Amino acid sequence: MIIRKRFAAGLCALIAVLSMGLTPVAAYADDDPDHPGDADGATPKVELVLDVSGSMRARDIDGKSRMTAAKQAFNEVLDATPEDVDLGIRTLGANYSGDDRKTGCKDTEQLYPVGPLDRRDAKTAVATLSPTGFTPIGPALLKAAGDLKGGEGSHRIVLISDGEDTCQPLDPCEVAREISAKGIDLTIDTLGLVPNTKMRKQLSCIAEATGGTYTSIRHTDELSDRVGQLVDRAADPVVKPVAVEGADSCSAAPRLKPGLYTDREKFGEHRWYRVDVEPGQELRASVSVGADRAVNNDYGVLMRAVTKHDREIVRGSEAGDGRTDVISTGLRYPKPERDDDEETAETVCLQVSNSYSATSATAFADSKSKPGLPLELTVDIADAPDDASDVAAFGLGRGWWLLGALVLTGFVGGLLWGWLSRWRVAVWRTN
């Protein structure tokens, strides 16, 4: 009996290996391996603005203080910063430990100048920081904008804070709007450490005023990953999204060309958009939906590509559990070339939906449910791969390959198992 069980386990493992070997894996290479920011020789600039106020002593990020988590994240980001990015570091609330509010609200200094990065010097400067004073976010943003003046490349501020600005009436949200109104090509991304509702609202407003993003952070690895992503993103050319309003059906949906779009989507709402895909082209689309307000845990985002007759072509989905404020997903659809001379474009309908829901505290507050959640949609059209086929066959998409592999594997496994069972019964009878 023991031998028989071991043999059965080994056969199951063999079947699993065969299944993995037969299942095709689609690998997509980056279409443009060259760095997009290298063509014009412009050097992107980034300044990390770190809150070093007294509240950063709190030990609620993976059992460590917020300051310790920030230092660890900075060290990892500094090691991974691209060579072609000029980086600087500015602090707020790092030097004045007194009670004079007027003095404390001027407490911001450039810890490391924006320029070619010397990793050792930058790490040494960060290591000396200790949580000290007030939280002058507004003054720090004004100074940081001045630090980044000049140059043709993109300019980005990454603000890391664990609290609201304590230097009103200089509203940091109004400061961000003022920076944007001056026509300065500058994006401000904000990260909130262990956020509350008021802090989330303020940091979201700062980011939204300049086309940036807000992210809620509760773990050290989340902070490292997000800051690293934003520093890398600075090397990309700045693209201003175009506002668009999705429809509630495919027939009424706006027709989109390749580009970056923004929209608003209410809790549980479906938004529709249309894209024309020529034979021999591939549609690539992705969507990000941000929770810019308190929402219940366990939510997701779905994007479907369907024909005008509601036949599903392909879909992408992603889920979250309350740890992050932005959920993204994407899809690809290659349109094969036709054999006949008549080649017509196919209208592909993109459906975006979400399963966010309001918390009990916001469910009946109209100001918290409107406008909808910020949605960012990217549409791209590229040359389709040489072996493009109708991946929407019978609505299974690439699942046909997996289904065929599983059927074949199951058939072979059944034959082997049946033969072995009969052989074992024959041996048992003989004995």
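Quick caveat, the model's predicted, so the values are computed rather than measured.

Draft legend 1. Here's a closer look at the sheet that holds strand β11 (residues 299-306). Pairing is antiparallel across the open sheet formed by four strands, whose spatial order is β9-β14-β11-β12. The sheet is open, and its two borders are formed by β9 (270-277) and β12 (312-320), each paired with just one other strand. Across this sheet, the average inter-strand angle for adjacent strands is 15°, counted without regard to direction. Sheet analysis places β11 next to β12, joined by eight bridges and oriented antiparallel. Within the sheet, the bridge partner assigned to Y299 lies in β12 and is G320.

Draft legend 2. Examining the packing of aromatic side chains more closely. Counting across every chain of the model gives one aromatic pair. Taking 4.4 Å as the distance between ring centres and 20° as the angle between the ring planes, the aromatic pair formed by Y299 and Y356 counts as stacked. One end of the pair, Y299, is in strand β11; the other, Y356, is in the loop between β14 (346-354) and α9 (366-369), and 57 residues separate them in sequence. Assigned by exposure class, Y299 and Y356 land together as buried.

Draft legend 3. Highlighting the state of the cysteines. Under the definition given, this model contains three disulfides. The side chain of C173 participates in a disulfide bridge whose partner is C205; the two sulfur atoms lie 1.6 Å from each other. Residue C173 is found in helix α6 (residues 172-181), and its partner C205 is found in helix α7 (residues 197-209); the two are separated by 32 residues along the sequence. Judged by its relative accessible area of 4%, C173 is buried. Overall, the relative accessible area of 22% leaves C205 in the partly exposed class. Each disulfide pairs two cysteine sulfurs, and for C250 the partner residue is C349, the sulfurs being separated by 1.7 Å. Residue C250 is located in the loop between β7 (242-243) and β8 (259-265), and its partner C349 is located in strand β14; the two are separated by 99 residues in the primary sequence.

Draft legend 4. Looking closely at the pattern of salt bridges. Evaluation of the coordinates by the stated rule reveals 17 salt bridges. With a closest N to O distance of 2.7 Å, R177 and E174 form a salt bridge. Remark: E174 and R177 occur in helix α6; sequence separation between them is three residues, near one turn of the helix. Between R284 and E282 there is a salt bridge whose closest N-O contact spans 2.7 Å. Residue R284 is classed as buried on the basis of its relative accessible area of 14%.

Draft legend 5. Focus on the packing of helix α5 (residues 137-147) against α6. Where α5 contacts α6, the two axes come as close as 8 Å, and the packing angle between them is 20°. It follows that α5 is roughly parallel to α6 by the angle criterion. Remark: the crossing between α5 and α6 carries right-handed chirality. Two secondary-structure elements touch here, α5 through I137, G138, L141, L142 and A145 and α6 through P172, V175 and I179. Looking at the contact of α5 with α6, its residues break down into seven nonpolar, one polar and no charged.

Rules of the game
Residues numbered from 1 in each chain as written. Predicted model: local features only at pLDDT ≥ 70, side-chain atom pairs only at ≥ 80, totals over all residues. Heavy atoms only, no water. Pairing = 2+ DSSP bridges. Helix = DSSP H or I, 4+ residues; strand = E, 2+ residues; numbered from the N terminus. Axes fitted to C-alpha atoms, helices over the stretch in contact; angles between N-to-C directions. Phe/Tyr/Trp six-rings, centres within 6.5 Å; stacked < 30°, edge-to-face > 60°. Buried < 20%, exposed > 50% of the residue type's maximum accessible area, 1.4 Å probe, protein only. Disulfide = S-S within 2.5 Å. Salt bridge = Lys/Arg side-chain N within 4 Å of Asp/Glu carboxyl O. Parallel < 35°, antiparallel > 145°, perpendicular 65-115°, else oblique. Left-handed = near helix turned anticlockwise from the far one by under 90°. Contact = heavy atoms within 4.5 Å. Nonpolar A, V, L, I, M, F, W, Y, C, P; charged D, E, K, R; others polar.

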